[in-house]
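Each chain, letter by letter, is given below.
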Number of protein chains: 2
Amino acid sequence: MQAEYDVYEDKCPTRMVLDRLADKWSVLILDRLDNEAVRFNQLRRDIKGVSQKVLSQTLKKLERDGLISRTVFATVPVTVEYALTPLGKTLTDCVSELAHWAERNMDEVLAAQKSYDKTLD
Amino acid sequence: MQAEYDVYEDKCPTRMVLDRLADKWSVLILDRLDNEAVRFNQLRRDIKGVSQKVLSQTLKKLERDGLISRTVFATVPVTVEYALTPLGKTLTDCVSELAHWAERNMDEVLAAQKSYDKTLD
DNA sequence: CCGCATCCAGATTGATACTG
DNA sequence: CAGTATCAATCTGGATGCGG
């Protein structure tokens, strides 16, 4: 039986989940991990603009939430692979839609911004 | 014809859209506006925990992006209604899935966190 | 290769007070 | 009712250097 949660309530734990998703890097990371495991520096290279520190922090939070897994291979030097968990996989279905909505509707958003800014004298 | 955007690229404008969505209040506001227009103070009351200032700022950004509309009625005192635009409506279909994913999977996330924290001694 | 520790500047936010 | 203005406090992120 599932507890009743209400995102509109302050202190509702679902707010934590939204906070985690409410982070552009999380969305990009989850989207990037869709379909394949990726190593740390590969993620760093692929997701342009993320700093090492923030990437590391974000990965740790996602791991804590059970959305991604972290696997260490005892190679020299060490290899670390990040991958989606089953739970994370269910989330990326929503998340990737978001990322691709952004790509599809970008032109319209940019036009709206331009038009809005013009009304401000 | 649609330009080619790649969310993984730094400086890609789609990042702006993700940044906007990457805000817990935006998600909650868009979800709350689904199906009905809502007034400022009503939003403030419904979305528990948001400050007047941040709500105001967030609404302005969403309006600028063309996702919501702002309508002023010349009553005394004034009435201001916020509603989704057609563009915003297409987005809420993704967004509401996110909010409800959070509600559905909250238990599992909380369990994962608990388990993760225990491994840290 | 993968990350943590530190330092520091800049962005965000909350509280409070005030306007049309 | 629906905001804006201001200021202090906090949080965040980038840069750098080190360690397993």
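Everything here concerns the structure above.
Everything quoted here is computed from the prediction, not taken from an experiment.

Caption draft 1: Spatial organisation of the overall build of chain A. When helices and strands are counted, chain A shows five helices and three strands. Secondary structure elements in chain A, listed N-terminal to C-terminal, are α-α-β-α-α-β-β-α. Whereas a compact globule of 121 residues would reach a radius of gyration of roughly 14 Å, chain A reaches 18 Å, over 25% beyond that. Taking the principal axes of the C-alpha coordinates as reference, chain A spans close to 60 × 40 × 25 Å. Partitioning the contacts of chain A with sequence separation of at least 6, the portion at a separation of at least 24 is 41%. Here chain A has roughly 6500 Å² of accessible surface; of this, 50% comes from carbon and sulfur atoms. For chain A, the separation between the mean place of its 18 positive charges and that of its 20 negative charges on side chains is 9 Å.

Caption draft 2: Up close: the interface of chain A and chain B. Opposite the 56 residues of chain A that make contact, chain B presents 57 residues. Of the roughly 5400 Å² buried between chain A and chain B, counting both surfaces, carbon and sulfur atoms make up 64%. Looking only at chain A, the three residues that lose the most surface to chain B are Tyr8, Arg64 and Trp101 of chain A, adding up to 14% of its buried area. Applying the counting rule to chain A against chain B returns six salt bridges. Across the contact surface, chain A and chain B share 22 residue pairs in polar contact (both at pLDDT 80 or more).

Caption draft 3: Focus on helix H5 (residues 86-118) of chain B. Relative to the 48 Å expected for 33 residues at 1.5 Å per residue, H5 of chain B spans 47 Å between its end C-alpha atoms, a close match to the ideal helical length. If you look at H5 of chain B, its biggest bend is around 60 degrees, right at Asn105 of chain B.

Caption draft 4: Representation of the sheet that holds strand E1 (residues 38-39) of chain A in the model. Residues and elements named next belong to chain A. If you trace the three strands from one edge of the open sheet to the other, you get E1-E3-E2, paired in antiparallel fashion. Both outer strands of the open sheet, E1 and strand E2 (68-73), are each paired with one neighbouring strand and no more. With two bridges joining them, E1 and strand E3 (residues 79-84) adopt antiparallel strand pairing. Looking across to E3, one finds that Arg39 is bridged to Glu81. With respect to the sheet, helix H2 (residues 24-33) is in contact with E1, E2 and E3, its orientation differing from that of E3 by roughly 95 degrees.

Caption draft 5: Molecular detail of the packing of helix H1 (residues 14-21) of chain A against H5 of chain B. Contact geometry for H1 of chain A and H5 of chain B: axes closest at 8 Å, N-to-C directions at 100 degrees. Regarding the angle of H1 of chain A to H5 of chain B, the classification is roughly perpendicular. Of H5 of chain B, the residues touching H1 of chain A (which contributes Thr14, Met16, Val17, Leu18 and Leu21 of chain A) are Leu98, Ala99, Trp101, Ala102, Glu103, Met106, Val109, Leu110 and Gln113 of chain B. Split into classes, the residues belonging to the contact of H1 of chain A with H5 of chain B amount to 11 nonpolar, two polar and one charged.

Caption draft 6: Representation of the state of the cysteines within the structure. All chains considered together, the criterion is met by zero disulfides over all chains. Not part of a disulfide, Cys12 of chain A finds its nearest cysteine sulfur in Cys94 of chain A, a span of 17 Å. The class for Cys12 of chain A is buried, based on a relative accessible area of 8%. No disulfide involves Cys94 of chain A; its sulfur sits 8.5 Å from that of Cys94 of chain B, the nearest cysteine. Overall, Cys94 of chain A belongs to the buried group, its relative accessible area being 4%.

About the thresholds
- All residue numbers refer to position in the chain's written sequence, counted from 1.
- Chains carry letters from A onward and ligands carry numbers from 1 onward, assigned in written order.
- In view of the model being predicted, local features appear only for residues whose pLDDT reaches at least 70, and side-chain atom pairs are presented and counted only at 80 or more, with totals across whole chains, interfaces and linings using the full set of residues.
- Side-chain figures throughout are based on the complete set of non-hydrogen atoms in the structure, without hydrogens or water.
- Helix and strand definitions follow DSSP, with helices as H or I runs of at least four residues and strands as E runs of at least two, each counted in order from the N terminus.
- Based on C-alpha atoms, the radius of gyration is set beside the globule rule, defined as 2.2 Å times the residue count to the power 0.38.
- Here, residues are in contact when the closest pair of their heavy atoms is within 4.5 Å.
- For the accessible areas, the method is Shrake-Rupley and the probe is 1.4 Å, while residue cover comes only from the protein chains on display.
- Asp and Glu are treated as the negative residues and Lys and Arg as the positive ones, with His and the ends of the chain left uncounted.
- In this description, the location of a charge corresponds to atom NZ of lysine, CZ of arginine, CG of aspartate or CD of glutamate.
- We define buried area as the total accessible area lost by two parts upon association, computed with a 1.4 Å probe and summed across both.
- By convention in these notes, a salt bridge is any Lys or Arg side-chain nitrogen within 4 Å of a carboxyl oxygen on Asp or Glu.
- Whenever a nitrogen or oxygen atom comes within 3.5 Å of another N or O atom, the pair is scored as a polar contact, on the condition that within protein one atom can donate a hydrogen and the other can accept it, and that pairs from neighbouring residues in sequence are kept only if both atoms are in side chains.
- A helix is expected to reach a length of 1.5 Å times the quantity of its residues less one.
- The reported bend at a residue is simply the angle between two axes, fitted to the 7 residues ending at it and to the 7 residues beginning with it.
- Any two strands with at least two DSSP bridges between them are considered paired.
- The axes are straight lines fitted to the C-alpha atoms, using for helices just the contacting stretch, and the angles between their N-to-C directions are given from 0 to 180°.
- Angle categories are assigned with fixed cut-offs, so that under 35 degrees is roughly parallel, over 145 is roughly antiparallel, 65 to 115 is roughly perpendicular, and the rest are oblique.
- When residues are sorted by character, Ala, Val, Leu, Ile, Met, Phe, Trp, Tyr, Cys and Pro go into the nonpolar class, Asp, Glu, Lys and Arg into the charged class, and all the rest, Gly among them, into the polar class.
- When two cysteine sulfur atoms are found within 2.5 Å, that pair is recorded as a disulfide.
- Whether a residue is buried, partly exposed or exposed follows from its accessible area with a 1.4 Å probe, protein chains only, as a fraction of its type maximum: under 20%, in between, or over 50%, in that order.

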